[in-house]
Amino acid sequence: MSEEILKVDGVRLNFYTYEGVVQALDGVELNLRKGETLGVVGETGCGKSVSGLSILNLIPPPGRIEGGRVLFERRGRELELLTEREAIMRKVRGRDISMVFQDPRSALNPVYTAGNQIVEVLLHHRAVDLIQRVIEQLDRRIADSKETESEKAVKGGKKTAKKGAGFLTKFYRNSLQRLLDNPKSRRMKIVRRIPILNGYRKMVKKEAKKEAVEILRIMRIPDPERVVDMYPHELSGGMAQRVVIAMGLACNPEILIADEPTTNLDVTVQLQILQLIKELKEHFSSSIIYITHDMGVVAELCDRVAVMYAGTVVEISEVVELFRNPLHPYTRALLESIPRPGHPFKSIEGTVPSLINPPKGCRFNDRCPYAMEVCHTVKPKIVEVKKDHFVECFLHE
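Criteria and cut-off values
Residues numbered from 1 in each chain as written. Predicted model: local features only at pLDDT ≥ 70, side-chain atom pairs only at ≥ 80, totals over all residues. Heavy atoms only, no water. Helix = DSSP H or I, 4+ residues; strand = E, 2+ residues; numbered from the N terminus. Buried < 20%, exposed > 50% of the residue type's maximum accessible area, 1.4 Å probe, protein only. Contact = heavy atoms within 4.5 Å. Lys, Arg positive; Asp, Glu negative; His and termini not counted. Charge placed at Lys NZ, Arg CZ, Asp CG, Glu CD. Axes fitted to C-alpha atoms, helices over the stretch in contact; angles between N-to-C directions. Parallel < 35°, antiparallel > 145°, perpendicular 65-115°, else oblique. Left-handed = near helix turned anticlockwise from the far one by under 90°. Nonpolar A, V, L, I, M, F, W, Y, C, P; charged D, E, K, R; others polar. Pairing = 2+ DSSP bridges. Salt bridge = Lys/Arg side-chain N within 4 Å of Asp/Glu carboxyl O. Phe/Tyr/Trp six-rings, centres within 6.5 Å; stacked < 30°, edge-to-face > 60°. Expected span 1.5 Å × (residues − 1). Patch = residues over 30% accessible without salt bridge, like charges linked within 9 Å, V, L, I, M, F, W, Y side chains within 5 Å. Areas by Shrake-Rupley, 256 points an atom, 1.4 Å probe, with all protein chains shown as cover. Core = buried A, V, L, I, M, F, W, Y, C linked by side-chain atoms within 4.5 Å.

Student: Is there a simple way to explain the overall build of the protein chain in this structure?
Tutor: Counting its secondary structure elements, the protein chain contains 14 helices and twelve strands. Referenced to the eigenvectors of the C-alpha coordinate spread, the extents of the protein chain come out at roughly 95 × 45 × 40 Å. Burial statistics for the protein chain: of 397 residues in total, 49% are counted as buried. Here the analysis covers contacts within the protein chain between residues at least 6 apart in sequence; of these, 66% occur between residues at least 24 apart. Of the side chains in the protein chain, 60 bear a positive and 52 a negative charge, and the two mean positions are spaced by 11 Å.

Student: Honestly, the packing of helix α10 (residues 237–249) against helix α11 (residues 267–284) in this entry has me stumped. Any pointers?
Tutor: Each packed pair of helices is defined by two parameters, the angle between the axes and the distance between the axes. At a minimum axis separation of 11 Å, α10 and α11 run at an interaxial angle of 15 degrees. Accordingly, the angle class assigned to the pair α10 and α11 is roughly parallel. In the packing of α10 onto α11, the handedness of the crossing is right-handed. Along its contact with α10, which presents Gly-238, Gln-241, Arg-242, Ile-245 and Leu-249, the element α11 presents Val-269, Gln-272, Ile-273, Leu-276, Ile-277, Leu-280 and Phe-284. Residue composition of the contact of α10 with α11, grouped by class: eight nonpolar, three polar and one charged.

Student: What should I look at first to understand the sheet that holds strand β12 (residues 389–392) in this one?
Tutor: Strands in a sheet are paired, the pairing made by backbone hydrogen bonds, and the direction either parallel or antiparallel. Sheet architecture is open: eight strands sit in the order β6-β7-β8-β3-β9-β10-β12-β11, paired in mixed fashion. The open sheet has two edge strands, β6 (97–100) and β11 (382–386), and neither has a second partner. Neighbour-to-neighbour, the strand axes of this sheet turn through a mean angle of 20 degrees, independent of strand direction. Pairing between strand β10 (residues 312–318) and β12: two bridges, direction antiparallel. In the sheet register, Glu-315 faces β12, and the bridge partner there is Val-391. Of the strands in this sheet, β3 (37–41), β6, β7 (255–259), β8 (287–292) and β9 (304–309) are in contact with helix α1 (residues 48–55), which crosses β8 at around 150 degrees.

Student: So what exactly am I meant to see when it comes to the pattern of salt bridges here?
Tutor: Where charged atoms from two side chains of opposite charge approach closely, those side chains can pair. Considering all chains together, one arrives at 22 salt bridges under this definition. In this structure, Arg-69 engages Asp-9 in a salt bridge whose closest nitrogen and oxygen atoms are separated by 3.1 Å. You can see Arg-69 sitting in strand β4 (residues 63–74) and its partner Asp-9 sitting in strand β1 (residues 4–16), a full 60 residues away along the chain. A relative accessible area of 22% places Asp-9 in the partly exposed class. Between Lys-386 and Glu-321 there is a salt bridge; the shortest N-O distance is 3.5 Å. Within this pair, whereas Lys-386 is found in strand β11, its partner Glu-321 is found in helix α13 (residues 319–324), the two being separated by 65 residues in sequence. Classification of Glu-321 by relative accessible area gives partly exposed; the value is 22%. Here the salt bridges share partners, and the residues they tie into one network are Arg-126, Asp-129, Arg-133, Glu-207, Lys-210 and Glu-211.

Student: Would you mind showing me how to read the sheet that holds β4 here?
Tutor: Pairing within the open sheet is antiparallel, and its four strands lie in the order β2-β1-β4-β5. Since the sheet does not close on itself, it has two edges, and those belong to β2 (21–33) and β5 (77–80), each with one partner. Averaged over all pairs of adjacent strands, the angle between strand axes in this sheet comes to 5 degrees, irrespective of strand direction. Taken together, the eleven bridges between β1 and β2 define a ladder with antiparallel strand orientation. Bridged to Leu-6 within β2 is Leu-32. Relative to the sheet, α1 contacts β1, β2 and β4, its axis offset from that of β1 by approximately 115 degrees.

Student: Quick question: what am I supposed to make of the packing of aromatic side chains here?
Tutor: To describe a pair of aromatic rings, one takes the distance between the centres and the angle between the planes. Enumeration according to the criterion identifies three aromatic pairs in this entry. Ring geometry for Tyr-330 against Phe-364: centres 5.4 Å apart, planes inclined by 70 degrees, an arrangement best described as edge-to-face. On the criterion of sequence distance, the pair formed by Tyr-330 in helix α14 (residues 329–336) and Phe-364 in the loop between α14 and β11 is long-range, its members being 34 residues apart. Classification of Phe-364 as buried rests on a relative accessible area of 2%. The structure contains a cluster of three or more aromatic residues connected by ring pairs, namely Tyr-309, Tyr-330 and Phe-364.

Student: What is the right way to read helix α4 (residues 114–125) from this model?
Tutor: Because an α-helix completes one turn every 3.6 residues, residues spaced three or four positions apart along the sequence face the same direction. Here α4 spans 17 Å end to end across twelve residues, near enough to the 16 Å set by a 1.5 Å rise per residue. Taken together, the buried positions of α4 are Ala-114, Gly-115, Gln-117, Ile-118, Val-119, Val-121, Leu-122 and His-125.

Student: Is there a simple way to explain a nonpolar patch on the surface in this structure?
Tutor: A contiguous nonpolar patch, built from Tyr-370, Met-372 and Leu-395 and spanning about 270 Å² of accessible area, is present on the exposed surface. You can see Leu-395 is positioned in the segment after β12.

Student: Even after reading the chapter, I still don't get a positive patch on the surface, so can you show me in this structure?
Tutor: Where like charges cluster on the molecular surface, the positive patch consists of Arg-77, Arg-85, Lys-91, Lys-184, Arg-186, Lys-189 and Arg-193. Tracing the chain through its elements places Arg-77 in strand β5. Owing to a relative accessible area of 47%, Arg-77 belongs among the partly exposed residues under this scheme.

Student: Is there a simple way to explain the nonpolar core in this structure?
Tutor: Looking at soluble globular proteins, one finds that nonpolar side chains tend to be buried together. Membership of the largest hydrophobic core comes to 76 residues, with the highest contact counts inside it found for Ile-118, Met-219 and Tyr-290. Leaving out residues up to four positions away in the same chain, Tyr-290 has contacts with Thr-37, Leu-38, Gly-39, Val-40, Ala-258, Pro-261, Thr-262, Leu-274, Ile-277, Val-297, Leu-301 and Cys-302. With 37 residues, the next largest nonpolar core counts Val-11, Leu-82, Val-92 and Ile-257 among its residues.

Here it is in structure tokens:
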């Protein structure tokens, strides 16, 4: 649980717009440990989602990452994801780090079935596993045909058909082996263009579809054999969200980034999705970064939590410690603003600052009741006040 597999170190992100430069992230600091669920919580527009996109280096234009590092421990090798080659990042995205986006309708392509979209992920990242499975099936078929060859007593025409089928089986098996050994060989490029000879590709896709059905079954989708052939518009909100989660977990990634996956769902469906994520975490042994603005979800699902405000992380702590002893003024105000029976409703005074022209120093200074003179001129550093409890505030420096 203490092994660190991901570290976000001082990431700064700007969006260059016609109105000005939006300073979306200002030195974000995060770390994720193996097997844990890290919650990232904050108000709308505080930079939670773009922090998740920054980890995968998927910031759309006009955004630009101006500084910082994202270090990922991948199979004993440390990768710096912000400077790594795009060819390596294509292997990391989906295979090692997956992301479940906020709106399942926008994450799914409306002209492809749910099964086709899961199959595409499997063929891109798990082609070797699928090919090896098909090779094993063909080896068994060839072995069975050899055992029964001496017992065959059929007519000439049918015998010839059997010989043809046997030849194609062996050809497909050899082609798949060559594909594993040298996928860029000139011979395989020629074979792919001949319809009768490239039937091995259909066999791999068929195996991928079987795997997609099994993944949908793990997602507790009823009748996955039918759902796998359905289009996104035929799915309910909860089922569409489960399909998106299935795409994220199809390759058993080490890290799953879930960007508010229950925002647009009914309360009962939200509970089902949260319970499903908890079970899948144990099943796939993944670490999760769960982005949300719901403190109740954080208390239910997460091991640690990072509180963000206006593009910066102001506090990181274990969940129980954060609820018992919030140290940053913003975290206290955020917890006090949660409606509770028998307590008056409290709101945070002031408004979220514009990130085109954010306050100097601490970005919470214009809303903080404890603001000092230094808060308006110097940005505080995040420091460890207690064991595993970090806060960015001059009150605790």
